[in-house]
Amino acid sequence: MSITIAGFETRPIGVADGVELNAAVGGDGPALVLLHGFPETHLMWRHVAPILAQHHTVVCPDLRGYGASSKPAAVGEDTYSKRTMAADIIHLADALGLDQFALVGHDRGAHVAFRAGLDHPNRISHLGILDIVPTLDTWNVLNGVNAAVAFHLYLMAQPPGLAEQMIANSADAFFGHFLDAWSMSSHAIPADVRAEYLRACRDAVPSIVADYRATATIDIEHDQADLDAGNQLTMPVTVVQQDWGQQLGFDATATWRPWAADLEHFTTQAGHFMAEEAPEDIATLILNLVKR
């Protein structure tokens, strides 16, 4: 029996030519779209989404290239750019009749949400970001031996071929490493969910690598162009992070400030998988965000 989010209907929804996003939809009320991180699927929201669905229409898609969503071949650097993946989310909202919605992303989904907020400010009422800094800043804050924590970023930034082969040859060990190393609780990701995450990632190695490779190429160009133009996120923004600033030696709030005028920044005692480790806390932060 497949794992589902309680009370949600899951179905594929077309968002681009030949691309469908697998999306779980539930609840009723003002719309909230939740984007998952790595190495997960939309199931990372299985505890948070039902809480939010008491007062909101909640949409939890698998990103392009992940889970049960389409995994188009990376024919160019833009196939998995965050601009393209953000456009998928806008088209998903169009298909569901959602004119304006709050958007919350974790990890990879947070990079997509960040880009969506810059590219489509008229569609996104509130923006929540879980455990990242913007793409451009990600590379700027990784220095010296501290960069070892993000070794996967450098591996998947390499030209096509090597990373895909290495990861495919040891997929469960590779993806399982992050599920173990980034969690503060051994109970946050139970065995059946872990098995589903590993299966989904095992089946998506080329597209996952392409997503990360874009973060070392075209996504940087897009961020730099917005920074140079002085573009900011115009909606209320809530950022929740582990204390990466302390660990890596930078001011996390100051790093976010140039991007968001209306910013609330929090640190969490939970691990990277905060929506699974502290779902009530994350649900409360999201509900507080949409009240701003």
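You'll find the structure just up there.
Residues numbered from 1 in each chain as written. Predicted model: local features only at pLDDT ≥ 70, side-chain atom pairs only at ≥ 80, totals over all residues. Heavy atoms only, no water.

What to know about the overall build of the protein chain
The cut-off we apply is this: Each helix is a run of H or I in the DSSP string that is no shorter than four residues. Each strand is a run of E no shorter than two, and both are numbered from the N terminus. Throughout, radius of gyration means the C-alpha value; the globule benchmark is 2.2 Å times the number of residues raised to the power 0.38. Exposure is judged per residue with a 1.4 Å probe applied to protein chains only, and the accessible area is read against the type maximum: over 50% gives exposed, under 20% gives buried, and values in between give partly exposed. Here a residue-residue contact requires only that any non-hydrogen atoms of the pair lie within 4.5 Å. Shrake-Rupley sampling with a 1.4 Å probe provides the accessible areas, and residues are treated as covered by the protein chains on show and by no other component. Just so you know, the count uses Lys and Arg for positive and Asp and Glu for negative, and it drops His and the chain ends. Working definition for charges: the position is that of NZ of Lys, CZ of Arg, CG of Asp or CD of Glu.
Assigned secondary structure in the protein chain consists of 14 helices and 8 strands. Scaling as 2.2 N^0.38, a compact globule of 292 residues should have a C-alpha radius of gyration of about 19 Å, and the protein chain matches this with 17 Å. Seen through its principal axes, the protein chain has C-alpha atoms that stretch 45 × 45 × 40 Å. Sorting the 292 residues of the protein chain into buried and exposed places 59% on the buried side. Taking the intrachain contacts of the protein chain between residues at least 6 apart in sequence as the baseline, contacts between residues at least 24 apart amount to 76%. Approximately 11600 Å² of the protein chain is accessible, and the part contributed by carbon and sulfur atoms is 52%. Positive and negative charge centroids in the protein chain, built from 16 and 35 side chains respectively, lie 2 Å apart.

Quick word on the nonpolar core
Basically, it comes down to this: Definition of nonpolar core: a set of buried residues of the types Ala, Val, Leu, Ile, Met, Phe, Trp, Tyr and Cys, connected through side-chain atoms within 4.5 Å.
W45, L103 and F175 are the most contacted members of the largest nonpolar core, which totals 104 residues. Dropping the residues within four chain positions of it, L103 is found in contact with V33, L35, I89, A113, A116, I124, H126, L127 and G128.

Structural notes on the pattern of salt bridges
Under the convention used in this document: Between Lys or Arg on one side and Asp or Glu on the other, a salt bridge is scored when a side-chain nitrogen of the former is within 4 Å of a carboxyl oxygen of the latter.
For the coordinates displayed, the defined rule picks out 18 salt bridges. Measuring nitrogen to oxygen at the nearest pair gives 3.1 Å for the salt bridge that ties E164 to R213. Here E164 is found in helix 6 (residues 162-169), whereas its partner R213 is found in helix 9 (residues 205-215), with 49 residues between them in sequence. Sharing partners across several salt bridges, the network here consists of R83, R115, D119, D223 and D226.

Topic: the pairing of strand 6 (residues 124-130)
Condition: Here, strands pair whenever DSSP counts at least two bridges between them.
When you tally the buried positions in strand 6, you get 6 out of 7 residues, the bulk of the element. By the bridge criterion, 5 bridges tie strand 5 (residues 101-106) to strand 6 in an arrangement that is parallel. Each bridged residue has a counterpart across the sheet, and for L103 the counterpart in strand 6 is L127. Bridge count for strand 6 against strand 7 (residues 237-241) is 4 bridges, and the pairing is parallel. Its bridge partner being in strand 7, I129 is matched across the sheet by V239.

Remarks on the sheet that holds strand 6
Hydrogen bonding along the main chain pairs the strands of a sheet, whether they run parallel or antiparallel. Condition: Angles run from 0 to 180 degrees between N-to-C directions of axes, and those axes are lines fitted to C-alpha atoms, restricted for helices to the stretch in contact.
Pairing is mixed in the open sheet, where 8 strands are placed in the order 1-2-4-3-5-6-7-8. Only two strands of the sheet have a single partner each, and these edge strands are strand 1 (9-16) and strand 8 (263-267). Across the sheet, the mean angle separating the axes of adjacent strands is 20 degrees when strand polarity is ignored. Examined bridge by bridge, strand 2 (residues 19-27) and strand 4 (residues 57-61) share 5 bridges and lie antiparallel to one another.

Quick notes on empty space enclosed by the protein
Definition in use: Using a grid of 1 Å spacing that covers the protein atoms alone, one calls a set of points a cavity when a 1.4 Å probe fits there but cannot get out, and a pocket when the set is open and has protein on both sides within 12 Å along at least five of seven lines; lining residues are those with an atom within 4 Å of a point. Grid points are joined across faces, edges and corners, and a volume is the space filled by probe spheres set on the points. In the scheme used here, Gly and all other residues not listed as nonpolar or charged are polar, with Ala, Val, Leu, Ile, Met, Phe, Trp, Tyr, Cys and Pro taken as nonpolar and Asp, Glu, Lys and Arg as charged.
Counted according to the given criterion, the structure contains 3 cavities of 30 Å³ or more. Volume-wise, the largest cavity comes out at about 410 Å³. If you trace the largest cavity, you find 23 residues lining it, with D131, T138, A150, L153 and W244 closest to the centre. Breaking the lining of the largest cavity down by element, the ones donating at least two residues are helix 3 (108-119), helix 4 (135-141), helix 5 (151-156), helix 9 and helix 11 (244-248). The residue makeup of the lining of the largest cavity, split by class, is 13 nonpolar, 7 polar and 3 charged.

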